[in-house]
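Notes for the structure review
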Amino acid sequence: MEKDELLNKAKKGINAYWIERITSLAKLYTGLRYLNSDIFMPGKIHPILRIKHQSPRDSKRVPTKIKLLTGTYILQPLRYKIYKEGTEDHCIACDCKEETLEHLLIECEAWNYLRDPILQTIKNLLTTNGNVRVEDLTCEMTIQVLMDITKIQKIYRITSDLISQIEFQSRRLVFLIHNARYQLVMKDQAKKKAV
């Protein structure tokens, strides 16, 4: 074997090992359940990050979405464990339910004024321009669309342009909820300092 052939064979073996290792481990982490890990390629950017930005403002929205997608966004149960702030696990906005990713993005009534118009736009895009039926848009599917639409792209044969439009709306919604939630956290911290 020549040196180049040996190097290529070694790289392929290493890449195959890491593809298998990461895709199998990703299924075990609940924080990664919405991430499309089946298309992981070592040394390549995940397709969710390759979706073109609609505006310069859009690139500033990506880190918040990536934190939610990878399970590193600090929701109230973790915030309480770290800082002992607020109620133990209740949502800081509605104070009636445990703050989970699903609650934050879909269920919390405090964010309806932000969520409803954007979700309606996303649903309209999917049903009129895509192959998605209204009855397919369950809560779980809606969260998947908001977090990583590449996971359902092939199933519903969604075009790149449509993905770009939906991803823009998704990043926008996540960022708006994040900003509104952040303002509540800051008000809560200011109250505690005043006392």
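These remarks concern the structure in this document. (Residues numbered from 1 in each chain as written. Predicted model: local features only at pLDDT ≥ 70, side-chain atom pairs only at ≥ 80, totals over all residues. Heavy atoms only, no water.)

1. Details of the overall build of the chain
Here is the rule we go by: Helix and strand assignments follow DSSP, with helices taken as H or I runs no shorter than four residues and strands as E runs no shorter than two, numbered in order from the N terminus. Any residue under 20% of the maximum accessible area for its type is buried, any over 50% is exposed, and the rest in between are partly exposed; the area is computed with a 1.4 Å probe on protein chains only. Note on definitions: a residue-residue contact is assigned when non-hydrogen atoms from the two residues lie within 4.5 Å. Method for areas: the Shrake-Rupley scheme with a 1.4 Å probe, in which residue coverage is limited to the protein chains shown.
Across its full length, the chain holds eight helices and zero strands. Helices and strands appear in the chain in the N-to-C order α-α-α-α-α-α-α-α. Counting the 195 residues in the chain, one finds 37% classified as buried. Partitioning the contacts of the chain with sequence separation of at least 6, the portion at a separation of at least 24 is 60%. Carbon and sulfur atoms provide 56% of the accessible area of the chain, an area that totals close to 12000 Å².

2. Structural notes on the pattern of salt bridges
Selection criterion: A side-chain nitrogen of Lys or Arg and a carboxyl oxygen of Asp or Glu constitute a salt bridge if their distance falls within 4 Å.
Tallied over the full model, the rule gives eight salt bridges. Ionic pairing is found between K27 and D38, a salt bridge with its closest N-O pair at 3.8 Å. Of the two residues, K27 is situated in the loop between α1 (3-26) and α2 (47-50) and D38 in the loop between α1 and α2; the sequence distance between them amounts to 11 residues. Each member of the pair, K27 together with D38, is exposed. Residue E99 is joined to R181 by a salt bridge in which the shortest nitrogen-to-oxygen separation is 2.8 Å. Here E99, found in the loop between α4 (76-83) and α5 (101-107), pairs with R181, found in helix α8 (residues 160-194); they are 82 residues apart in sequence, far enough to count as distant. Judged by relative accessible area, which is 2%, E99 ranks as buried. For R181, a relative accessible area of 4% gives the class buried. Several salt bridges share partner residues, and in doing so they unite D58, K65, E167 and R171 into one network.

3. What to know about helix α7 (residues 139-147)
Burial of α7 is extensive: seven of the nine residues sit out of reach of the surface. Where α7 is concerned, the buried positions are M141, T142, I143, Q144, V145, L146 and M147.

4. A closer look at the nonpolar core
As a reminder, the rule being used: In this description, a nonpolar core means a group of buried Ala, Val, Leu, Ile, Met, Phe, Trp, Tyr and Cys residues linked to one another through side-chain atoms lying within 4.5 Å.
L105 and L126 are the most contacted members of the largest nonpolar core, which has 41 residues in total. Of all the secondary structure elements, the ones that give two or more residues to this core are α3 (58-70), α5, α6 (112-129), α7 and α8. Ranked by residues supplied to this core, first place goes to α8 with seven residues. The residues touching L105, leaving out its near neighbours within four places in the chain, are L68, R115, L146, M147, V174 and I177.

5. Quick look at a nonpolar patch on the surface
Counted only if it meets this: Here a patch means residues that are over 30% exposed by relative accessible area and free of salt bridges, tied together within 9 Å if like-charged and within 5 Å if nonpolar (Val, Leu, Ile, Met, Phe, Trp, Tyr).
Residues I14, Y17, W18 and I22 make up a contiguous nonpolar surface patch of about 400 Å² in total accessible area. Among the structural elements, I14 can be located in helix α1.

6. Focus on unusual backbone geometry
Of note in the backbone geometry, D95 takes a positive phi value of approximately 55° without being a glycine. Relative to the assigned elements, D95 resides in the loop between α4 and α5. Positive phi values are uncommon outside glycine, yet R157 reaches one of about 50°. Within the secondary structure, R157 is located in the loop between α7 and α8.

7. Some remarks on the packing of α6 against α8
Geometry of a packed helix pair, given as the angle between the helix axes and the separation of the axes. Stated precisely, the cut-off is as follows: Interaxial angle, 0 to 180 degrees, is taken between N-to-C directions of lines fitted to C-alpha atoms, where a helix line uses only the stretch in contact. The cut-offs work like this: below 35 degrees is roughly parallel, past 145 is roughly antiparallel, 65 to 115 is roughly perpendicular, and the gaps in between are oblique. Classes in brief: Ala, Val, Leu, Ile, Met, Phe, Trp, Tyr, Cys and Pro nonpolar; Asp, Glu, Lys and Arg charged; the others, Gly included, polar.
At a closest axis distance of 10 Å, the pairing of α6 and α8 adopts a crossing angle of 170°. When the axes of α6 and α8 are compared, the pair comes out roughly antiparallel. From α6, Y113, L114, R115, I118, L119, T121, I122, L125, L126 and N129 reach across to α8, where they touch L162, Q165, I166, Q169, S170, R172, L173, L176, I177 and A180. Its residues assigned to classes, the contact of α6 with α8 shows 13 nonpolar, five polar and two charged.

8. Considerations on the side chain of D58
Short version of the rule: We call two N or O atoms a polar contact when they sit within 3.5 Å, provided that within protein one can donate a hydrogen and the other can accept it, with sequence-adjacent residues counted only if both atoms are side-chain atoms.
Tracing the backbone shows D58 in helix α3. Its relative accessible area of 0% is what places D58 among the buried residues. Only 3.2 Å separates the side chain of D58 from the side chain of R171, close enough to count as a polar contact.

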